[in-house]
Amino acid sequence: MNIFETFSARLAAVLSGLVEAGRIPAGLSLARVVVEPTKDPAHGDLAINAAMVLAKEAGMAPRALAELIVAELAKDSDVLKAEIAGPGFINLTLQPAVFTQVLKTAVLAGTEHGRGAPKGEPKVNVEYVSANPTGPMHVGHGRGAVFGDALASLLAFAGHDVTREYYINDAGAQVDVLARSAFLRYREALGEEIGAIPEGLYPGDYLVSVGETLAREHGPALRDKAEWDWLPLVRGAAIDGMMAMIRDDLAALGVVHQVFFSERSLQGRDGNSNAVHQTIEELRVRDLVYEGRLPPPKGQKDEDWEDREQTLFRATQFGDDVDRPLLKSDGSYTYFANDIAYHRSKFTRGFSEMIDVWGADHGGYVKRMRAAVKAVTDGQGELDVKLCQLVRLLRNGEQVRMSKRSGDFVTLREVIDEVGRDAVRFMMIFRKNDATLDFDLAKVVEQSKDNPVFYVQYAHARCASIFRQAAEVFPDLDLSPQTLAQADLGLLTDESEIGIVKMIAAYPRMIDAAAASHEPHRVAFFVHELASAFHSLWNKGKDSPQLRFVNQTDRKSTSARLAFVHAVRSVLASGLAVVGVTAPEEMR
RNA sequence: GGGCCCGUAGCUCAGCUGGAUAGAGCAGCAGCCUUCUAAGCUGCUGGUCACAGGUUCGAAUCCUGUCGGGCUCGCCA
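Residues numbered from 1 in each chain as written. Chains lettered and ligands numbered in written order. Predicted model: local features only at pLDDT ≥ 70, side-chain atom pairs only at ≥ 80, totals over all residues. Heavy atoms only, no water.

1. Some thoughts on the overall build of chain A
Stage number 1. The number of helices and strands found in chain A is 18 helices and 15 strands.
Stage number 2. Each principal axis of the C-alpha atoms in chain A carries an extent, and together these give about 85 × 65 × 45 Å.
Stage number 3. A burial count over chain A gives 50% of its 588 residues as buried.
Stage number 4. Considering chain A, the positive charge centre built from 66 side chains and the negative charge centre built from 80 side chains are found 3 Å apart. (Helix = DSSP H or I, 4+ residues; strand = E, 2+ residues; numbered from the N terminus. Buried < 20%, exposed > 50% of the residue type's maximum accessible area, 1.4 Å probe, protein only. Lys, Arg positive; Asp, Glu negative; His and termini not counted. Charge placed at Lys NZ, Arg CZ, Asp CG, Glu CD.)

Structure, rendered in structure tokens:
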């Protein structure tokens, strides 16, 4: 139940009634009209901007228009007070019963409170992580992984049909380098002295086990073959090994994908099954691909610029700054060409809404990809690219780097092992994706208010603890949501309690807004705020024993408060589930 | 030089797609607490929302320009 939607609908009805009565002109555009929570409780519960937004179009003064609307809204039995304020705001104060009803609904819905109605079409594809299969995941990958996962969960909770996808970059030159690196480890496993890993190969010792597996399965059979002979086999084995490792890392984070899509699979075995070739030819037929020359980059002096004719995609027709090459000088496809075919595949698989989660260093790639999606879907597909900024890893404020195991970066696994999955997930999402993130390894394991992970989980544990306490004090009390929902919720009259009930009422709206803007961090901030309000109320019970949730001498108020606590707990659990963090029963 | 992102309190950051007097936490200051689960609670101090214009009834939010920081710039991925 979303009271904001409910009242938007009622407002729309009021407006059309006024139109029918000839009091205001027909055909007003309602797009900018919103019903939103007030910031200041003195302004009531709901704020409506309709009079100000519509005044000009209606040819009326805002306040005159507001008076017409207020007169109608005041007749609503759920409205206690409707008044005009400031430049023409309509502020509604609702009957307390409205909120007790919302609370009751939330108690019964439990963790389903806030879930959006199924949206059906369009199906949404969220592509995230997509780390190259050339080594373990590092911390930066982890941010994209958590962000994408939380965004997908958020969209699913909001009612969308979501598919989580991983794009395996297994077709570029880097996987050949990987294969050569693995081959060296294979020779090493056969007992050969390989010395230092040459420059340009992957030095990480995570390839040792790939080499050992190859030695075990093939013995010395590969050693004396020519590279063109062993490379495909070794490459396949190495990619499989790397993907297994990456899946392990993802599993440690609790991140799942439904689809692992191989870049190499786009290239097929012959010309006919080659999706990249097909895509480009299709674009060529529509005159979106041509042979031409690019101007050199502006302002840069570059002696090694070589003017050359190449195969180009008309990205400029779709909003990009320059046309983009599809073939390398050696005749093979650019990464971009493969990516066009890949996004076309998403579209033909039924996803007209696509979201890609990338690292910030790919920012310069966004325009061309969006251009390509427009071209290849004939304007039917929509691509949103979410860029995740860098993560700075700190320990007690000091920046940490270097890891012997992996070469030059801290692996995600090391961080998860040190601070735990929940801390990693919550902190990665407790910031806007487009802002750099400081992650302090020391802080996130503190048991204090400074540590938001602890703070939110503790609030949930406290709710659970209250229920344990209640079961002891009132052993015969039925604590099921069905029974609690029947309690006299009108007994919840303290300002703090009402404030929290309003937050619970606002939860569905927050979910919708966060999903619409693809901003899962809002969910993390919301649960943090709710936790804060709840801790504060809990502490009020110190000075005012009558506010304690479990009151030995007052069975009725205890029932009402337990219903309330159940709703708080459910919303915390629901929000944490979206972020992918566990909601513990107790803190240990 | 072009493109994209960022600039909000001393510090770290929110700001609900343009709403009312810009909010938290930390730090600082003043009190309180030892509990239904201890790791805290309440209050105070603190801002020219980088700067200058513009659009609007209304701008931290949208547009233009300037300054500062980051990323990026035909064949890598």
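2. Some words on the packing of aromatic side chains
Stage number 1. Taken as a whole, this structure holds 18 aromatic pairs when the rule is applied.
Stage number 2. With a centroid separation of 5.4 Å and 40 degrees between ring planes, the pair formed by Phe183 and Tyr186 is classed as tilted. Taken together, the residues span about one helical turn, with Phe183 and Tyr186 both in helix α6 (residues 173-189) at a distance of three residues. We note that Phe183, like Tyr186, is buried.
Stage number 3. Seen in terms of ring centroids, Phe336 and Tyr365 are 5.9 Å apart; in terms of plane orientation they differ by 85 degrees. Their pairing is edge-to-face. One end of the pair, Phe336, is in helix α10 (residues 335-348); the other, Tyr365, is in the loop between β11 (353-359) and α11 (366-376), and 29 residues separate them in sequence. Accessibility assignment for this pair places Phe336 and Tyr365 in one class, buried.
Stage number 4. Ring pairs connect the aromatic residues Phe313, Phe318, Tyr335, Phe336, Trp358 and Tyr365, which therefore count as one cluster.
Stage number 5. In this structure, Lys123 packs its charged tip against the face of Phe351, placed 4.7 Å from the ring centre. (Phe/Tyr/Trp six-rings, centres within 6.5 Å; stacked < 30°, edge-to-face > 60°. Lys NZ or Arg CZ within 6 Å of the ring centre and 35° of its normal.)

3. Here's the deal with the sheet that holds strand β8 (residues 289-293)
In a beta sheet, neighbouring strands are held together by backbone hydrogen bonds and run either parallel or antiparallel to one another.
Stage number 1. If you trace the three strands from one edge of the open sheet to the other, you get β8-β9-β10, paired in antiparallel fashion. Edge positions in the sheet fall to β8 and β10 (324-325), since each of these pairs with one other strand and no more.
Stage number 2. In the packing of helix α9 (residues 275-285) onto the sheet, the strands contacted are β8 and β9 (309-313), and the crossing angle to β8 comes to about 85 degrees. (Pairing = 2+ DSSP bridges. Contact = heavy atoms within 4.5 Å. Axes fitted to C-alpha atoms, helices over the stretch in contact; angles between N-to-C directions.)

4. Concerning the protein's contact with RNA strand B
Stage number 1. The environment of RNA strand B is formed by 70 residues, the closest being Asn132, Lys328, Ser329, Arg468 and Trp538.
Stage number 2. Note that a phosphate oxygen of RNA strand B is positioned 2.7 Å from one of the side-chain N or O atoms of Lys39.
Stage number 3. Lys56 has a polar side-chain atom sitting 3.0 Å from a phosphate oxygen of RNA strand B.
Stage number 4. Listed by contribution, the elements that provide at least two residues to the surface near RNA strand B are α2 (50-58), β4 (89-94), α6, α14 (452-473), α16 (495-516) and α17 (521-543). (Near = heavy atom within 4 Å. Polar contact = N/O pair within 3.5 Å; in protein donor to acceptor, adjacent residues only side chain to side chain.)

5. Some thoughts on the nonpolar core
Stage number 1. Ile69, Leu92, Phe426 and Phe439 are the most contacted members of the largest nonpolar core, which totals 149 residues.
Stage number 2. It is helix α18 (residues 555-579) that provides the largest number of residues to this core, a total of twelve residues.
Stage number 3. Other than its neighbours up to four places away in sequence, Ile69 contacts Leu11, Val14, Leu15, Leu18, Ala50, Ala51 and Ile90.
Stage number 4. Formed by 31 residues, the second largest nonpolar core is a distinct cluster that contains Tyr167, Ile280, Tyr333 and Ile340. (Core = buried A, V, L, I, M, F, W, Y, C linked by side-chain atoms within 4.5 Å.)

6. Digging into the pairing of β9
Stage number 1. Burial analysis of β9 places four of its five residues in the buried class, which makes it a mostly covered element.
Stage number 2. As defined by bridge partners, β8 adjoins β9 across five bridges and the pair is classed as antiparallel. In the sheet register, Glu291 faces β9, and the bridge partner there is Thr311.
Stage number 3. Across two bridges, the pairing between β9 and β10 is antiparallel. Within β10, the position partnered with Leu312 by the bridge is Pro325.

7. Focus: the sheet that holds strand β3 (residues 79-85)
Stage number 1. An order of β1-β2-β4-β3 is seen for the four strands of this open sheet, with the pairing classed as antiparallel. Here the strands that pair on one side only, and so sit at the sheet edges, are β1 (35-37) and β3. Taking each pair of neighbouring strands and ignoring which way they run, the sheet shows an average axis angle of 25 degrees.
Stage number 2. In this sheet, strand β2 (residues 46-48) lies alongside β1 in antiparallel orientation, the contact comprising three bridges. Across the sheet, the residue bridging to Val35 is Ile48, located in β2.

8. Some remarks on the pattern of salt bridges
Stage number 1. In total, this model carries 32 salt bridges according to the counting rule given.
Stage number 2. Between Arg115 and Glu112 there is a salt bridge, and its shortest N-O distance comes to 2.6 Å.
Stage number 3. Given a relative accessible area of 42%, Arg115 falls into the partly exposed group.
Stage number 4. Assessed through its relative accessible area of 39%, Glu112 is described here as partly exposed.
Stage number 5. One network of salt bridges, in which partners are shared, links Arg10, Asp76 and Asp78. (Salt bridge = Lys/Arg side-chain N within 4 Å of Asp/Glu carboxyl O.)

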